[in-house]
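# Secondary and tertiary structure notes
If you want the building blocks of each chain, they are given just below.
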Amino acid sequence: MLGTRAIHNNTMFVKLLLSMTAIAVITVVLISAVTYTISANNSVGNSIEYNESILAQQQELIQKELTAIRNATNGMILTQSYLYRTIGGKLSVGSLIDLTGFVEEQKKISPYIDSVYLYYDPLQLVLTSRPEVKTSPISTFADRSWLETWAQNTGSRTVWITGRPNGFDAERPAASLLQKMPLIGQVSGAIVINLKLDLLFGDYLSHYHSKKGTTVVLGPSGDLLYTDAADGAAVLGQLNADRLTSGSGSYIDKSDRIVTYTTSEWTGWRFVDITERSALLQGMNHIKFIVLFVAAAYLSAAFAISFFLSRRLYRPLQSVITYIVGSEEGGRNGATSGTQRGEDEAGFIRRSFEQMAHNRETLLREKRKVEDLLAENRTAIKEKYLTDLIQGSVPGGNAEAGDQAAELLKLSVDFTRFAALTLELEEPYPLRSPDGPFQFHLFHYGLIEELGAGIDGEVFAKDGKRTVILLSVPAEADDGFPLEQAKRLKQLLLDRYGMSVTIAVSRIHSGEGSVHSAYEDTLEALNLKIYIGKGEILPYSILSSWKAEEETYYYPYALETKLLQALLQTDKHECFAVIRQITQAVIDQKLSKANIQQLFFQLSGEVVKTLVQTGGDMAAVFGGKPSYTDALARAETVQDMEECLLDMCGRITAYHKEKRSKMTDVTLQLATDYMDANFNKNISVDTVAEHVQRSSSYLSRIFKEATGMTVNDYLIQLRIKRAMELLQQPSVTMEEICRQIGYANVSYFNKVFKARTGLTPGQYRQQQAAEQLLSKPNNPEQEHL
């Protein structure tokens, strides 16, 4: 029996050894194959990543150069608007000289500028930096293939043109930057910057010497702009243009070529690198030998270790068998030797079971800790889970996992049929104190708890301003159920807290995976707040009625002109009326938010520019640090932007009125002082107006408004007053009085004096003499006394 057991034991040992050796061989083969495959894939992947990083870096460097040129173009628009002057519908000589020199200088701002064209459409004139042509009518200008692009409605005022016919070199297509005017000012035209693409790409693409592929640059329409290959047409024919999508990416074509590309969102140019995959794998032959050598060494070591482990693993098994056999024989024979012989192995087995029991208790304790932790932080975990749902961070395809999460977090929303409501609390918030942010945070979460108690669904805070409600919609309820709930919530917040809130309502959705789509519905609806205003309910269903049929850029140039004219005339009512017309036009046009913001920012800039051009002091109007730009940036609705513009115009008109009032006071004082000192001379309204350096009509108008009389009336009043003083002196003749008060004709003086006093000068003198006699004492003695 013992011999048979030994044979069986040896057979088990051999089987164990062969099994472990087979496992080692299979493992080595798989590891070798996987190692080589991973190395090859890593080599290809690293090459793609390296090429993508190089292309992105080169594109960024080239884009910086193009950005500098575009920024310089914007500066050129501003500068030319100050140099542009016309006389009789033609460019003035001085302006022509200045603009010609200016165009010559602009060519020098970058080594990659070939030439500069400055085109004025009203004059049909082109100014160039080319030595052979300085100025030319557009009808006879050789290089005008860009004119068609300028005439098109491109949506953007900056257009990159590639592959256009070159009027000065028919064999080399031109690449240009076209900047439409006006950006500032009123003159329609364009600035065309012709680029040296060969030099630009050569400087930034040719220095990449460690590459193994070919670099190609394609235009937006797939035209070849640059390649470092000898045969550019052949390289272009190898590319599959349909696979060169927007953005960045890579693919391996049917010819086992690795194509890496990146697209400039700004110019639409595609930077492409084409590398043969075989060229990358040529350097991996040494890896094959290394893998084979390591595999052989690993097999040898694995066989030795397998032999050693097999013996070590077999010994405990033999001890267990011996222990069991000894225990059975000891129990039958009543001997204790088997028990003693197997006592150590039995102790090992008992300790193993005891350790397993201990580990089980440890796992149970850890499980209870996890459950307690979940119970204490269920609200925070629930809010994080719901936030991930609306952001699309949680995959929605596994319904079972979603049900488990809903059960674990005790979600009260039924995702079978639900809608999303996004609430935006509008300023001013109801809590104002030194620790306002903390108090509002507490108030916000208290409000969420209160709303959650009366809603069949989940309420949680998306951020400090937005609160999201996932509302369960009963199966029997119609599509208007979410809207009715939104109206109830709005009225509740208004009645209880006096709080204004904007609520966006999504469509009815189904399934946990559509939570992100429902939230996106509310965000799209919230975009309408810029038109409709704050504190309203915005259902997703109204989006179609507010979407413009075609998104085109709009700017109210005519209304801008009326607004600036009203500002110059200090007509506040007209300014306000024009601004409201602009607001109504914005709403009627259904412009995009970006268009609206740009429109109001440009209008504010023109208003400030008008203030500066009229000699206004911005600090006096807007304070030390103008805040209107911040107010426009914070504005969320068209009404807010309108209020900001109304405030700016109101400040400017008030400033001009005050300035004119002060100017009027100084002018009147100078005029009255001059007339008081010179009324006895032959002066008139024109003489006084010339002295105060104002027009006669302006002086007459402000003098009448301030005193209630004309300048002539005031002069006559001064002269009559002086004449009355002189008439009380009997020794002064009428002719002398006329000379002293500035009259040359006695009869005219008599006429004016009687018209003013009702008496002739002689009658007035007699009356004054009689009054003097009556005022003297009749008694000579009394007179003596």
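Scope of this entry: the structure provided in the associated data block. (Residues numbered from 1 in each chain as written. Predicted model: local features only at pLDDT ≥ 70, side-chain atom pairs only at ≥ 80, totals over all residues. Heavy atoms only, no water.)

### Focus: the nonpolar core
- If you look at the biggest cluster of nonpolar residues, it comprises 39 residues, and the most contacted ones within it are Leu-563, Val-586, Ile-596, Leu-599, Phe-600, Phe-622 and Cys-649.
- Every element with two or more residues in this core is listed here: α15 (529-532), α17 (557-568), α18 (572-589), α19 (593-613), α20 (618-622), α21 (628-634) and α22 (638-678).
- Residue contributions to this core peak at 9 residues, all from α22.
- Apart from the residues lying within four places of it in its own chain, the contact partners of Leu-563 are Cys-575, Val-578, Ile-579, Leu-603, Val-607 and Cys-649.
- Judged by nonpolar contacts, the second largest core, of 36 residues, contains Val-116, Leu-127, Leu-195 and Tyr-226. (Core = buried A, V, L, I, M, F, W, Y, C linked by side-chain atoms within 4.5 Å. Buried < 20%, exposed > 50% of the residue type's maximum accessible area, 1.4 Å probe, protein only. Helix = DSSP H or I, 4+ residues; strand = E, 2+ residues; numbered from the N terminus. Contact = heavy atoms within 4.5 Å.)

### Considerations on the sheet that holds strand β7 (residues 174-181)
- What the 6 strands build is an open sheet, ordered β5-β4-β3-β8-β7-β6; its pairing is antiparallel. One side of each edge strand has no neighbouring strand; the edge strands of this open sheet are β5 (135-137) and β6 (158-164). Neighbour-to-neighbour, the strand axes of the sheet open up by a mean angle of 20°, direction not taken into account.
- When strand β4 (residues 125-128) meets β5, the two strands line up antiparallel, connected through 3 bridges. Paired with Leu-127 across the bridge in β5 is Thr-135.
- Its contacts with the sheet place helix α2 (residues 93-106) against β3 (113-120), β4 and β5, and it is angled at close to 150° to β3. (Pairing = 2+ DSSP bridges. Axes fitted to C-alpha atoms, helices over the stretch in contact; angles between N-to-C directions.)

### Focus on the sheet that holds strand β10 (residues 224-227)
- Strand order in the open sheet formed by 5 strands is β10-β9-β13-β12-β11, with antiparallel pairing between adjacent strands. Lying at the two open borders of the sheet, with one neighbouring strand each, are β10 and β11 (248-252). Between one strand axis and the next, the sheet turns by 20° as a mean value, whatever way the strands run.
- Two strands pair when backbone bridges link them, and strand β9 (residues 214-218) and β10 are joined in this way by 3 bridges, in the antiparallel orientation. Across the sheet, residue Val-217 finds its bridge partner in β10, namely Tyr-226.
- In this fold helix α4 (residues 197-205) packs onto β9, β10 and β13 (270-276), with an angle of close to 40° to the strand it touches most, β10.

### Here's the deal with helix α10 (residues 378-390)
- The terminal C-alpha atoms of α10, which comprises 13 residues, lie 18 Å apart, in line with the 18 Å expected from a rise of 1.5 Å per residue.
- Among all positions of α10, only Arg-378, Lys-382, Glu-383, Tyr-385, Leu-386, Thr-387, Asp-388, Leu-389 and Ile-390 are buried.
- Once α10 ends, the next one or two residues include Gly-392, with phi positive near 75°. (Expected span 1.5 Å × (residues − 1).)

### Topic: the pairing of strand β14 (residues 418-425)
- Counting buried positions over the 8 residues of β14 gives 8, a clear majority of the element.
- What you see with β14 is no split at all: Phe-418, Ala-420, Thr-422 and Glu-424 on one side and Ala-419, Leu-421, Leu-423 and Leu-425 on the other are buried throughout.
- One ladder, built from 7 bridges, connects β14 with strand β16 (residues 466-472); its direction is antiparallel. Paired with Leu-421 across the two strands is Ile-469, which belongs to β16.
- Looking at chain direction, β14 and strand β17 (residues 501-505) are connected through 5 bridges and run antiparallel. Note that in β17 the partner of Leu-421 across the bridge is Val-505.

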